[in-house]
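Below, each chain spelled out in residue letters.
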Amino acid sequence: RARAHLQVEADLHSALEHSEFELHFQPQVDAHTHDVVGCEALLRWNHPERGLVYPGDFIEHAEDNGLITRIGDWVIRAALAEARRLPNHVKVSVNISPLQIHSSNLMTTIVNAIAANKIDPRRLELEITETVLTSDTNFTLKRLHKLKEIGVGIALDDFGTGYSSLNYLKTLPVDILKIDRSFVDECASSPEDSKICATIIGLAETLGFTTIAEGVENQAQFDFLHTNGCDEYQGYFFHRPSDADYIEGLLNKCTEGKLEKNVGG
Ligand code: C2E
Ligand code: MG
Ligand code: MG
């Protein structure tokens, strides 16, 4: 096992050196207009032997060996370079690992990437999970507030899983709650999941947050969430994550960023 770990670490170093990482983007659409309002950047690894590798197979390793901060910096720079090529009203969301929040480079990387690409900081949204608050809470909160001060948005990813504590909603400077796919999956058929989704949407509305449902795959899920007031949607029902060229072509083709359901499958 130790040898396998070392091999993955060496492979990840090599991936950074040989530019094997790539970002795919998945559109996020507005409930009423179906306009694309944002895109989530999702990391992919073009491994020379294994082919396309998904984050579930390597992010945890990168967190264990500390490489996540270097990889995360690359993701921020690449996502903002892409934001420059997308229509101005489209935001870009970037997943931030809890370890990255503590990285000394984080603020500089973000500020420099915003400046280098001359984009409005409000177009950047960081997706964090509640686990960011499991260590050094004061430092994390200060850092998140600082990011919010410069205009960057904060989304709470996978909301409702993990260490969900309502206290986090009071202390974290959050703008958006992302309803986890595990609740969305059966929101139209399971009485429990439908109540959980409706409650999250109601809670977010009361607290003044935007809600986005992730993993929306069919009309029944969309109809249920829409009826209950969910603001934004992301999922295969609208679009799968695709490479930057495809997303750019799609967004520039759709007048004013409007996206028809199931375009391109
Ligand atoms: P996440 O941030 O919750 O991202 C959503 C995941 O759901 C993505 O998986 C996406 O491809 C998938 N998805 C979207 N719509 C649907 C749908 O309708 N049905 C189904 N079944 N799945 C859908 P992906 O790309 O494999 O990413 C998995 C996780 O890896 C992400 O979950 C995120 O936690 C992490 N991740 C991805 N990119 C990065 C990154 O750049 N940095 C860090 N630290 N983590 C990342
Ligand atoms: Mg995410
Ligand atoms: Mg998520």
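Not measured: the values here are computed from a predicted model.

Caption draft 1: Structural detail: the coordination of the magnesium ion (ligand 2). Around the magnesium ion (ligand 2), the protein supplies Glu-40 (OE), Asn-95 (OD1), Glu-127 (OE) and Asp-157 (OD) as donor atoms, at distances of 2.0 to 2.3 Å. One chain supplies every donor to the magnesium ion (ligand 2), and in sequence these donors are spaced E-x54-N-x31-E-x29-D. For Glu-40, a relative accessible area of 5% puts it in the buried group.

Caption draft 2: Region of interest: helix H5 (residues 106–116). The set of residues buried in H5 consists of Leu-106, Met-107, Thr-109, Ile-110, Ala-113 and Ile-114. For H5, the angular spread of the buried residues around the axis is 165°, confining them to a single face. If you follow the buried residues of H5, they end up packed against helix H3 (68–85), helix H4 (98–101), strand E5 (124–128) and helix H6 (137–149). Of the residues flanking the end of H5, it is Lys-118, one or two places downstream, whose phi is positive at about 50°.

Caption draft 3: View of the site of ligand 1. Around ligand 1 sit 21 residues in total, of which Arg-44, Asn-95, Asp-157, Glu-217 and Tyr-236 are the nearest. A distance of 3.2 Å is found between an oxygen atom of ligand 1 and a side-chain nitrogen or oxygen belonging to Asp-158. A distance of 2.8 Å is found between an oxygen atom of ligand 1 and a backbone nitrogen or oxygen belonging to Tyr-236. Surface burial for ligand 1 is 82%, taken as the share of its 810 Å² of free accessible area covered by protein chains. At the level of elements, strand E2 (36–47) and strand E6 (153–159) are the ones that each hand at least two residues to the shell around ligand 1. A per-class count over the shell around ligand 1 returns 8 nonpolar, 5 polar and 8 charged.

Caption draft 4: Representation of the environment of Leu-12 in the model. By the secondary structure assignment, Leu-12 is in helix H1 (residues 2–17). A C-alpha to C-alpha distance of 36 Å links Leu-12 and Glu-186, two positions 174 residues apart in sequence. Excluding residues within four positions of it along the chain, Leu-12 makes contact with Phe-21, Trp-45, Phe-58, His-61, Ala-62, Asn-65, Leu-67 and Ile-71.

Caption draft 5: Seen up close, the nonpolar core. Of all hydrophobic cores here, the largest spans 74 residues; its most connected members are Leu-172, Leu-225 and Tyr-233. The element best represented in this core is H3, accounting for 7 residues. Contacts of Leu-225, omitting those with residues within four sequence positions, involve Ile-179, Val-184, Cys-187, Cys-197, Ile-201, Ala-213, Val-216, Cys-230 and Tyr-233.

Caption draft 6: A look at the coordination of the magnesium ion (ligand 3). With distances of 2.1 to 2.4 Å, the protein atoms coordinating the magnesium ion (ligand 3) are Asp-157 (OD), Asp-158 (OD), Glu-214 (OE) and Glu-214 (OE). The sequence motif formed by the donor residues of the magnesium ion (ligand 3) is D-D-x55-E. The distance between the magnesium ion (ligand 3) and the magnesium ion (ligand 2) comes to 4.1 Å, and Asp-157 binds to both of them. Remark: Glu-214 occurs in strand E8 (residues 210–214) and Asp-157 occurs in strand E6; sequence separation between them is 57 residues. By relative accessible area, which is 12% here, Glu-214 ends up buried.

Caption draft 7: Molecular detail of the environment of Gly-215. Mapped onto the secondary structure, Gly-215 falls in the loop between E8 and helix H10 (219–227). For Gly-215, a relative accessible area of 14% gives the class buried. Distance from Gly-215 to Phe-183, taken between C-alpha atoms, is 9.3 Å for residues 32 residues apart in sequence.

Rules used in this analysis
- Residues numbered from 1 in each chain as written.
- Chains lettered and ligands numbered in written order.
- Predicted model: local features only at pLDDT ≥ 70, side-chain atom pairs only at ≥ 80, totals over all residues.
- Heavy atoms only, no water.
- Donors = N, O, S within 2.8 Å, 3.2 Å for Na, K, Ca; no water.
- Buried < 20%, exposed > 50% of the residue type's maximum accessible area, 1.4 Å probe, protein only.
- Helix = DSSP H or I, 4+ residues; strand = E, 2+ residues; numbered from the N terminus.
- Arc of directions from axis to C-beta.
- Contact = heavy atoms within 4.5 Å.
- Near = heavy atom within 4 Å.
- Polar contact = N/O pair within 3.5 Å; in protein donor to acceptor, adjacent residues only side chain to side chain.
- Areas by Shrake-Rupley, 256 points an atom, 1.4 Å probe, with all protein chains shown as cover.
- Nonpolar A, V, L, I, M, F, W, Y, C, P; charged D, E, K, R; others polar.
- Core = buried A, V, L, I, M, F, W, Y, C linked by side-chain atoms within 4.5 Å.

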